[in-house]
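Structural overview for review
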Amino acid sequence: MNFVTRFAPSPTGPLHLGHAFSALLAHDTARAVGGQFLLRIDDLDQTRARSTWEDLIYEDLEWLGIRWHGPVRKQSNHFEDYQDAINNLANKGLIYPCRCKRRDIEVALDAPQEGVPRFGPDGLIYPGTCRNRSMQDRQSGDALRLDLSKATLVEPLAFTETGQAHLGTHHVTIDHLQTHVGDPVIARSGMAASYHLAVVIDDAASGITHAIRGEDLFDASYIQRFLQAQLNLPPIEYHHHPLVRDDNGKRLAKRDDARAISNYRADGATPDYIRKMVGL
Ligand code: GLU
């Protein structure tokens, strides 16, 4: 079986136990099936990415006994690829500039309707306020969004999930995206691309067949599968694993430095101890 997976941390803080779990799970799974494990540095957000955090990622992973195949891919080396994809979508007339701030979206959404979700994986569900703006009107500070009302899907679209919580096949339709996401952001102000656009391009360029990542990204898979189809990129399989939580049941975040791998290392913990702590 062709199995290529990856761990794709953002170098914006120290890796914590949640990252260790994700990286070890992807690494061990690739090894168990004779596949490949790759490392990618998701440094799309250049205002927050730091080379010191990137160096610490390499150190932590090596200490954990994780070895990756081939060179590390860094998003910051591929901004042109993202721009090509944006141009491709723009040439198809699918994207428009958007200058709505959170407050504008809240006002546009006005009275919440019962049974209709207000929030999706990217926050408030965008009601399409700027849809009538053209790319020629783009001003600095504008984001770019994909107009779902203009998008077409030529075939039934789906993705396969192997994680327990959402095990099975999930269908992606424009209707579902309209109700649960709103027009997806393709590029943010001051950034080369949105996270979703970059990830599908990176995964395809690296020949990724399986994404193993935290449960918090499950809903994002609908957007990513949709973007793959719009850009003629191959589908991949997903495995979303439960998040590592602190003693109060709260999910760990980058700012939980107490759970940073580097702190455990400094305290003399062993990689086996970390494996036990995350339940591996
Ligand atoms: N860079 C993303 C993160 O740190 C992960 C991307 C992905 O796994 O698709 O959350």
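For every chain, the first residue of the written sequence is number 1, and numbering continues from 1 onward in sequence order. In keeping with the predicted nature of the model, local features appear solely for residues at pLDDT of at least 70, side-chain atom pairs appear and are counted solely at 80 or more, and the whole-chain, interface and lining totals rest on all residues. In computing side-chain properties, one takes all heavy atoms of the structure into account and sets aside hydrogens as well as water.

1. Considering the overall build of the protein
Formally: Where helices and strands are cited, they refer to DSSP runs of H or I of at least four residues and of E of at least two residues respectively, numbered from the N terminus. Only C-alpha atoms enter the radius of gyration, while the globule expectation follows 2.2 Å times N to the 0.38, with N the number of residues. Think of it in three bands: residues with accessible area under 20% of the maximum for their type are buried, residues over 50% are exposed, and the middle band is partly exposed, with areas taken using a 1.4 Å probe on protein chains only. Note on contacts: a residue pair is in contact if any heavy atoms of the two residues lie within 4.5 Å. Here the accessible surface of atoms and residues is derived via Shrake-Rupley with a 1.4 Å probe, and residues count as covered only by protein chains that are part of the display. Within this scheme the basic residues Lys and Arg register as positive and the acidic residues Asp and Glu register as negative, but His and the chain ends are omitted. Working definition for charges: the position is that of NZ of Lys, CZ of Arg, CG of Asp or CD of Glu.
Each helix and strand in the protein was counted, giving 9 helices and 12 strands. Its C-alpha atoms give the protein a radius of gyration of 19 Å, near enough to 19 Å, the size a compact globule of 280 residues would have. With the C-alpha coordinates of the protein rotated into their principal frame, the extents come out at 60 × 40 × 40 Å. Going through the 280 residues of the protein one by one, you find that 48% of them count as buried. Within the protein, contacts between residues separated by at least 24 positions form 78% of all contacts whose residues are at least 6 apart in sequence. When the accessible area of the protein is evaluated, it comes to approximately 13800 Å², of which 49% is carbon and sulfur surface. Side-chain charges of the protein comprise 31 positive and 36 negative groups, with the mean position of each set lying 2 Å from the other.

2. Some words on the pairing of strand β8 (residues 157–161)
Put simply, the rule is: Two strands qualify as a pair provided DSSP detects at least 2 bridges between them.
Across the two faces of β8 the burial differs, with L157, F159 and E161 buried and A158 and T160 not buried at all. Bridge count between β8 and strand β9 (residues 168–172): 5 bridges; the pairing is antiparallel. The residue bridging L157 from the neighbouring strand is V172, located in β9. If you look at the hairpin formed by β8 and β9, you'll find 6 residues sitting between the two strands.

3. A short note on the site of the ligand
So the rule is basically this: Put simply, a residue is near a molecule or strand once any heavy atom of it comes within 4 Å of that molecule or strand. Here a polar contact is taken to be a pair of N or O atoms separated by no more than 3.5 Å, where protein atoms must pair a possible hydrogen donor with a possible acceptor and residues adjacent in sequence count only if both atoms sit in side chains. Residues are sorted three ways: Asp, Glu, Lys and Arg are charged, Ala, Val, Leu, Ile, Met, Phe, Trp, Tyr, Cys and Pro are nonpolar, and all the rest, Gly among them, are polar.
Taken together, the residues surrounding the ligand are R6, A8, S10, D42, Y195, V199, R213 and L217. D42 is positioned such that a nitrogen or oxygen atom in its side chain is 2.6 Å from a nitrogen atom of the ligand. For the ligand, the protein covers 78% of the area, taking 290 Å² as the surface of the free molecule. When grouped by side-chain class, the residues that make up the shell around the ligand number 4 nonpolar, 1 polar and 3 charged.

4. So, the side chain of D202
Inspection of the secondary structure puts D202 in helix α6 (residues 195–205). The residues contacting D202, other than those within four sequence positions of it, are R40, D42, R73, Q75 and Y82.

5. Quick notes on the sheet that holds strand β10 (residues 185–187)
We count it as follows: What counts as an axis is a line fitted to C-alpha atoms, over the stretch in contact for a helix, and the angles between N-to-C directions run from 0 to 180 degrees.
Sheet architecture is open: 3 strands sit in the order β4-β7-β10, paired in antiparallel fashion. Looking at which strands have only one partner, the edges of the open sheet turn out to be β4 (95–98) and β10. Here the average twist between neighbouring strands, direction ignored, is 40°. Bridge count for β4 against strand β7 (residues 143–146) is 4 bridges, and the pairing is antiparallel. By the bridge assignment, I95 is partnered in β7 with L146.

6. What to know about unusual backbone geometry
Comment: phi is negative for the bulk of residues other than glycine, and the bulk of peptide bonds are trans. We note that N232 has phi near 55°; this positive angle belongs to a residue other than glycine. Locating N232 in the fold gives a position in the loop between α7 (220–230) and β12 (237–241). Given the relative accessible area of 68%, N232 is considered exposed.

7. A closer look at the packing of α6 against α7
What counts, and what does not: By the definition adopted for this analysis, an angle is roughly parallel if under 35 degrees, roughly antiparallel if over 145, roughly perpendicular if from 65 to 115, and oblique otherwise. By definition, turning the near helix anticlockwise from the far helix through less than a right angle yields a left-handed crossing, and turning it clockwise yields a right-handed one.
Direction vectors running N to C along α6 and α7 enclose 60°, while the axes themselves pass 9 Å from each other. Of the possible angle classes, the one that applies to α6 and α7 is oblique. Seen from above, α6 lies across α7 with right-handed handedness. Contact residues: α6 offers Y195, H196, L197, V199 and V200, while α7 offers A220, I223, Q224, L227 and Q228.

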